[in-house]
Amino acid sequence: MTESIDLSKGQETPTSPAVSSSSTLLNVDDIEVRYGTIRALKGVSFHVNEGEIVALLGANGAGKTTTQKTVSGMLRPSLGAITYDGKRIDGIPAHELIRLGICHVPEGRHVFPRMTVHENLEMGAFRFKKIDQTDLDNVLEMFPRLKERYKQLGGTLSGGEQQMLAIGRALMGKPRLLLLDEPSMGLAPLVVAQIFEILRDINNSGVTVLLVEQNAAQALGLADRGYVLETGEIVLEGTGSDLLADDRIRAAYLGEEIAAS
Amino acid sequence: MNTATRATLRRLAACLLGGFVLALMVGRQEGSLNDFGISFHQAVVGPRIFVFLLIGLVIFVMVTFWPRVVPYLTRPGVAPLGAGLLAVLAAQTVMNWYDPLVSSTGNGKFSGVRTAANASPNLSSVSVAFFGWLAWTLVIAALVACAAAIVTRVRVFGYVTAAIGIVGAVLAYVAHSAVVDLDGGIDHSLGVYADIVGFLLLACAGITAVHARAEVADTRGFLRKVMGYRPGLPIAALGVILGLLAFSTAGWFGALQINDTLAQAHSDFDGTGISSLALNYLGWLGWTLFGAAAVLSLAATYLRNRMLAWVSLILSVVGVVLTFLTLRSMTDIGAQVAPQFGGTWKNLGAGGFLACIVFSLFAAATAMVISSTSAGVRRNVRAKAPTDELPVTSMVKGFRRSSNAMPLLIIGGALALFYPPTLTLTWQNVLVGQIGVFVLLAVGLNVVVGWAGLLDLGYIAFYEIGSYTTAYLVGALPVKPPSWLQMSPLVSIPFAILACLIAGVLLGAPTLRLRGDYLAIVTLGFGEIIQILAVNNPGGFTGGPQGPTVPHPRIHLGGINITWGQDNLPYWYLLLIMLIVVIVLFYRLEGSRLGRAWAAIREDEVAAQASGVNTTRVKLLAFAIGASTSALAGSFFATQVGYFDPSLFTLQASILIVAYVVFGGMGSLQGAIAGAAVLTWLPQFLKAQVPQDDRQMWIGALVLAMMIFRPAGLLPAKRRKAELEGLDAAASSETAAVPRAGAM
């Protein structure tokens, strides 16, 4: 497993924001994805720099999840290119992308319901021959809840705990780029805040994060930069704070009555 | 009428209807030409129906007053009462009591002996009475007395139960031996022994009910305490009892005609040119070996002495070897001198094999001592004076630690090796052709259905491909292979496996994108195509519905010459090797990375993919591994049965194997083995119990009851149990400590 050795080397080098903002880790160039005859993405382009948190926003059906699935290798773009760390990765299946350090937390959490928390985390490290004890300790330290429920079955956890388990499982794969699809879905605001806090910690430890979200306020508060998707196209981009201040965003996602005022 | 009353009434109706249906099921099913409704009449019109309605009523009362019944059901004594009743009922309804009656009247069971006893004037009156009315009266009396003891806790009732139980056991023995002595036939039946055990259990139940101080029975704890008192001692004790039977009364030679005991065999074989070792064994060596091994293993288990245990273990192994050598010598000489008693390995009684099992029991008992006295436990014992009892907890621990797989493996291995030779030819045939082969198939399908979660309804096709590949390679098909490729049946097995691997991948690669029902339909189609291909005989390849005739296997390797023929027993040992190899491999596979990947895709395919599992490859592997196991079974089957035709490989067979896996417990290796073994054994067992045409009905009823009351299967896998019983039910005990509230 030469890739994994390279990766661990790459991960050990500290990635200070100043250095990383200049190097592009993920570049999505004008991709088009079709479901049969329906064009779900009509030429989407964006990039994620090393060490950043980038948020991908959009309403239902805008193409957020399609984008995320395409990046994580579960869908194949019909046009366009995705480069990761200087290499073309479009068309590489998901299980191989994980070896390159792209781990993803699928939409709707998808924990293994009849495996214990421990077994779930173990599955996250499936690409390694042996489970890395320090990784496990780190995850359990990050999510004390999971430590409490270590022997409990995944399906018996609450929604927030399952989300934590899904994130923890992805971390067990030693990600360089972590893809998250709607981590706030169906969770109480307090829990969402807690999870976003943890995402910041993860990012601070050197993991680049691409976040697909509907919860614009929370996501933009966390993200360095953001893109807004509408019916398969990027319509806006900017830094998190800029977008948060943008009238159109406020109208569309934060429910503020800009037009009336 | 409020809802509660209505629900109660509905339940009453349902229970009575259940009794009615049971009444229809028990007894003859077919009508007669004069009266098509005769079986219905017999079942419904007549006093018999009230018994079944009463059963329904009892169930209704139990269900309705369940909360009030439960405290009594958990009292001490109920468990042995249930076990005893079950044993007595089984003994007096379904088990054989006297073998010669089976051949003369077709009914060697309790009821058959009753008829015969009534007809024979010379039989002692006790025996006639026992078989006539006494036995059942005793059972009912014991039941009533024991129930009274459990409910009232009055000592007298308990003692009465014990007395009845002991009297019943003694009478059963006396009555049975009176029949045997009078008739003098050779009897291998087990009914009387089960009956004795059952009556003794009833006696125990009575004593337990009135003497136990606890309000709630702790049967498991009691058993653990008994077994944990001295690890291995119960097994050694069982060995002593069986050994006494084996060396004193069991037949060693002339299985079906003369049934020589050990002593008789010694005098019969004296001067026949039998090896001196065997002669000495029959004379004094056997008894000496048995006595020494018994004393040593009892001492080793009681004193928990490692040294004694090792000596006893070695002696037991020597005992098995010497017994085996003696048997071989006996059977060879016997076949030469007295061919009228059967050929080689067919002229021996059960005694010699029982002796082998006895020595294995001693070995297992001492193995328990050796494993349980390692490290801490042993030091503990030595530090204290011998009279100083260990506290129960540490003894229980000692038992738990020693209850490792080793002794069980020894006992299981001994049974697998030495029990089949004592079976009748019919049962040997069932063991090889039905139980063994289908266990192999079920274990293979369990990989696909149970572990990877892919419903495969065309599994039999791989079995068929395996059979036909072997048939082709040995030159049994109309189309012959080139002469350099023609080979003997056993050599063809790897090629059959390879063929099925390829077939599995060819089927799997395009279809494994499909999930659930769709995959099931495609595999079903595949199975049908393969079967129809074999029937339609494309290009004259398969020989059509006629089917090929495959030679039996043989090995000529250097000095080793083994030939398999018509006899089923040698095939059993061949199959046993295959089974052990496959089971050990799969056992390791389950815990491997691949096993975890299968569990993951079964649980959640998206999450598995997100965790880095190559789902397509892993599913394909499951398919290929399942297919190759099937090929092994098919190849074995083709060469064992000698002649087969495509009508065996129908959709029904595929579904049956799925049923075995589900019945046993999907995803559990032990479950697949148990499921296939039980469901292939049952039809053969039912042959002697119910009319031929009713068998499927009873099997169906059993499967139905199983799926209602134990949906996770006979020996369920932990994870699958959680799936069916809800996650909370199967959550580990640690979970219970965590408060359920506090959702996030």
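Residues numbered from 1 in each chain as written. Chains lettered and ligands numbered in written order. Predicted model: local features only at pLDDT ≥ 70, side-chain atom pairs only at ≥ 80, totals over all residues. Heavy atoms only, no water.

What follows is about the pattern of salt bridges. Residue and element names in this part refer to chain A. Under the criterion given, the structure shown has 14 salt bridges over all chains. We note a salt bridge from K174 to D132, for which the minimum N-O separation is 2.6 Å. With K174 in the loop between α8 (159–171) and β7 (177–181) and D132 in the loop between α5 (117–124) and α6 (133–142), this residue pair connects regions lying 42 residues apart in the sequence. Three or more residues joined by partner-sharing salt bridges are found here, namely E32, R34 and R39. (Salt bridge = Lys/Arg side-chain N within 4 Å of Asp/Glu carboxyl O. Helix = DSSP H or I, 4+ residues; strand = E, 2+ residues; numbered from the N terminus.)

Another aspect to go through is the sheet that holds strand β1 (residues 24–35) of chain A. All names here are of chain A. Spatially, the 4 strands line up as an open sheet ordered β2-β1-β4-β5, and their pairing is antiparallel. Edge positions in the sheet fall to β2 (38–49) and β5 (87–88), since each of these pairs with one other strand and no more. For β1 and β2, the ladder comprises 9 bridges, and the chain directions are antiparallel. From the neighbouring strand, N27 faces β2, where its bridge partner is H47. (Pairing = 2+ DSSP bridges.)

A few words on helix α3 (residues 64–71) of chain A. Residue and element names in this part refer to chain A. Among the 8 residues of α3, 7 are classified as buried, and the element is accordingly described as predominantly covered. Those residues of α3 lying buried are K64, T65, T66, T67, Q68, T70 and V71. Positive phi shows up at G73, right after α3, with a value of about 90 degrees. (Buried < 20%, exposed > 50% of the residue type's maximum accessible area, 1.4 Å probe, protein only.)

Moving on, we come to empty space enclosed by the protein. Residues and elements named next belong to chain A. The tally for this structure, following the rule as stated, stands at 1 cavity of 30 Å³ or more. There is about 60 Å³ of room inside the largest cavity. When residues of the lining of the largest cavity are traced back to their parent elements, those giving at least two are β6 (102–105) and α8. Examining the composition of the lining of the largest cavity, we find that 3 residues originate from one element, α8, more than from any other. (1 Å grid on protein atoms, 1.4 Å probe; cavity = no way out; pocket = protein on both sides within 12 Å on 5 of 7 lines; lining within 4 Å. Points joined across faces, edges and corners; volume = space filled by probe spheres on them.)

All names here are of chain B. Checked against the element boundaries, G595 lands in helix α25 (residues 593–603). Of the residues examined, G595 reaches a relative accessible area of 10% and is grouped as buried. Each C-alpha atom, one on G595 and one on G228, is 34 Å from the other, the two residues being 367 residues apart in sequence. Look past the residues within four positions of G595 in its chain and what remains in contact with it is L589 and E590. (Contact = heavy atoms within 4.5 Å.)

All names here are of chain B. A surface patch of nonpolar side chains, about 990 Å² in accessible area, is lined by V51, L54, I55, L57, V58, I59, V61, M62, V63, F65, W66 and L73. Taken together, the elements giving at least two residues each to the nonpolar patch come down to α3 (48–64) and α4 (66–73). A per-element tally of the nonpolar patch places α3 first, with 9 residues. In this fold, L57 is placed in helix α3. (Patch = residues over 30% accessible without salt bridge, like charges linked within 9 Å, V, L, I, M, F, W, Y side chains within 5 Å. Areas by Shrake-Rupley, 256 points an atom, 1.4 Å probe, with all protein chains shown as cover.)

Our next topic: the packing of aromatic side chains. Residue and element names in this part refer to chain B. Counting across every chain of the model gives 33 aromatic pairs over all chains. Ring plane angle 50 degrees and centroid distance 6.0 Å describe the contact between F637 and F644, whose orientation is recorded as tilted. Owing to a relative accessible area of 11%, F637 belongs among the buried residues under this scheme. Geometrically, the ring pair formed by W681 and F685 is stacked, given 4.7 Å between the ring centres and 20 degrees between the ring planes. (Phe/Tyr/Trp six-rings, centres within 6.5 Å; stacked < 30°, edge-to-face > 60°.)

Our next topic: the domain arrangement of chain A. Residues and elements named next belong to chain A. If you check the domain split of chain A, you get domain 1 (23–101 + 175–185 + 201–261) and domain 2 (109–174). Look at where the C-alpha atoms of domain 1 and domain 2 centre, and you get two points 25 Å apart. Across the contact, 11 residues belong to domain 1 and 9 residues belong to domain 2. Buried surface at the junction of domain 1 and domain 2, both sides included, amounts to about 790 Å², of which 69% is carbon and sulfur. At the junction of domain 1 and domain 2, the tally comes to 2 residue pairs in polar contact (both at pLDDT 80 or more). (Domains from an automatic or database assignment. Buried area = accessible area lost by both parts, 1.4 Å probe. Polar contact = N/O pair within 3.5 Å; in protein donor to acceptor, adjacent residues only side chain to side chain.)

Our focus in this paragraph is the sheet that holds strand β3 (residues 53–58) of chain A. Residue and element names in this part refer to chain A. Read from one edge of the open sheet, 6 strands run β6-β7-β8-β3-β9-β10, paired in mixed fashion. Two strands in the sheet have a free side with no partner beyond their single neighbour: β6 and β10 (233–239). Looking at each pair of strands side by side, their axes are set apart by 15 degrees on average, direction ignored. Both β3 and strand β9 (residues 225–230) contribute to a ladder of 5 bridges, which runs parallel. Among the inter-strand pairings, G58 is bridged to a residue of β9, identified as L229. Sitting on the sheet, helix α9 (residues 189–204) is in contact with β3, β7 and β8 (208–213), with an inclination near 155 degrees to β8. (Axes fitted to C-alpha atoms, helices over the stretch in contact; angles between N-to-C directions.)

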